[in-house]
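Letter by letter, the chains look like this.
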Amino acid sequence: MKKYTINIIAFLLLILQVINPIELYAIDHEWLEVPKSEYGKQVWDKLSFQRNKDGTIRVLSKFIPKTKTEITKEILYTMDINCYEKTFRDVYLGQENFNDFKNPYSDWKDPNGDELIIGVITQVCRFRD
């Protein structure tokens with residue numbers, strides 16, 4: 001009887017897993033911080049570094065505001081960096097997970113004096129060499 005009950009519970013858990021699979025994110029991160037600004041800090045993940053086919057680089061990055069509120073939270077980015085032109089584009093955005101939202105405005109941009117983005121571009125481009 002006890003063995004029968006254990007088998008039923010195991011079967012039900014298996015059915016539950018098939019119906020509603022658990023997402024496991026076993027990705028480790030090795031965050032590198034760029035110089036802070038008055039607005040907060042920016043980090044990028046050294047372990048996410050990958051070269052795109054067009055020669056640009058893709059990394060995960062995170063903005064951590066100086067003060068966090070319900071409105072100002074961490075912002076997660078999947079960003080491409082063009083080291084030759086010193087430009088970037090945010091391909092995906094998220095607050096809970098990377099790649100929550102595909103950025104519809106993912107054109108290449110100049111950092112336009114943004115110290116945090118310039119810091120990420122500088123560090124990532126040095127890292128590639």
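Quick caveat, the model's predicted, so the values are computed rather than measured.

Chemist: In this structure, what is going on with the overall build of the chain? I would like to understand it.
Modeler: What the chain contains, in helices and strands, is 2 helices and 7 strands. Buried residues in the chain amount to 33% of all 129 residues. Accessible area for the chain stands at about 9400 Å²; split by element, carbon and sulfur atoms hold 57% of it.

Chemist: What's the story with the pattern of salt bridges in this structure? I'm lost.
Modeler: When their charged atoms lie close together, side chains carrying opposite charge are able to pair. This model, assessed by the stated rule, comprises 5 salt bridges. Note that E33 is salt-bridged to K41, the shortest N-O span being 3.8 Å. Relative accessible area serves as the criterion here: at 37%, E33 is assigned to the partly exposed category. Under the relative-accessibility criterion, K41 is labelled partly exposed at 27%.

Chemist: Quick question: what am I supposed to make of the pairing of strand β5 (residues 75–82) here?
Modeler: For a regular strand, the rule is simple: side chains alternate between the two faces of the sheet. Across the 8 residues that make up β5, a large majority, 7, are buried. Where strand β4 (residues 57–65) meets β5, 7 bridges bridge the pair, whose relative direction is antiparallel. Across the sheet, residue F63 finds its bridge partner in β5, namely I75. By the bridge criterion, 7 bridges tie β5 to strand β6 (residues 87–94) in an arrangement that is antiparallel. Its bridge partner lying in β6, L76 is registered against G94. The turn joining β5 and β6, which pair antiparallel and follow one another in sequence, is formed by 4 residues; a positive phi near 55° is taken by K86.

Chemist: Please clarify how helix α2 (residues 115–128) should be interpreted in this entry.
Modeler: Every α-helix winds through 3.6 residues per turn, so residues three or four apart in the chain are directed the same way. Compared with the 20 Å implied by 1.5 Å per residue over 14 residues, the 20 Å span of α2 between its first and last C-alpha is a close match. Among the residues of α2, the N-terminal cap falls to D114, whose side-chain oxygen and the backbone nitrogen of L116 are separated by 2.9 Å.

Chemist: Would you explain the nonpolar core in this entry?
Modeler: Generally speaking, soluble globular proteins have nonpolar side chains that are buried together. Of all hydrophobic cores here, the largest spans 16 residues; its most connected members are W44, V59, M79, I81, V120, I121 and V124. Contributing elements (two or more residues each) for this core: β4, β5 and α2. With 6 residues, α2 is the single largest residue contributor to this core. Excluding residues that lie within four positions of it along the chain, I121 makes contacts with I81, K86, T87, F88 and P111.

Chemist: Help me out: how do you make sense of the state of the cysteines in this one?
Modeler: Formally, a disulfide is one covalent bond, and it connects the sulfur atom of one cysteine to the sulfur atom of another. Throughout the structure, instances matching the rule amount to 1 disulfide. Note that C83 is cross-linked by a disulfide to C125, the S-S spacing being 2.1 Å. Its S-S torsion of approximately -95° makes the covalent link between C83 and C125 left-handed. With C83 in the loop between β5 and β6 and C125 in helix α2, this pair connects stretches of sequence that are 42 residues apart. Take C83: its relative accessible area is 7%, and that puts it in the buried class.

Calculation rules
- Here the residue numbers are simple positions, counted from 1 along each chain's written sequence.
- For this predicted model, a pLDDT threshold of at least 70 governs which residues receive local features, and a threshold of 80 or more governs which side-chain atom pairs are given and counted, while totals over whole chains, interfaces and linings are taken from all residues.
- Each side-chain value is derived from all of the structure's non-hydrogen atoms; neither hydrogens nor water enter the calculation.
- Numbering of helices and strands runs from the N terminus, with a helix taken as a DSSP run of H or I at least four residues long and a strand as a DSSP run of E at least two residues long.
- Three exposure classes are used, based on accessible area relative to the maximum for each residue type with a 1.4 Å probe and protein chains only: buried under 20%, partly exposed in between, and exposed over 50%.
- Note that accessible areas follow from Shrake-Rupley with a 1.4 Å probe, and for residues the cover is restricted to the protein chains shown.
- Salt bridges are defined by distance alone: a side-chain nitrogen of Lys or Arg within 4 Å of a carboxyl oxygen of Asp or Glu.
- Between any two strands, at least two bridges found by DSSP are needed for them to pair.
- Given a helix with a known number of residues, its expected span is that number minus one, times 1.5 Å.
- Throughout this description, a polar contact denotes any pair of N or O atoms lying within 3.5 Å of each other; where both atoms belong to protein, one of them has to be capable of donating a hydrogen while the other can accept it, and for residues adjacent in sequence the pair is counted only when both atoms sit in side chains.
- For this analysis, a nonpolar core means a set of buried residues of the types Ala, Val, Leu, Ile, Met, Phe, Trp, Tyr and Cys, connected via side-chain atoms within 4.5 Å.
- Note on contacts: a residue pair is in contact if any heavy atoms of the two residues lie within 4.5 Å.
- Only a pair of cysteine sulfur atoms within 2.5 Å counts as a disulfide in this structure description.

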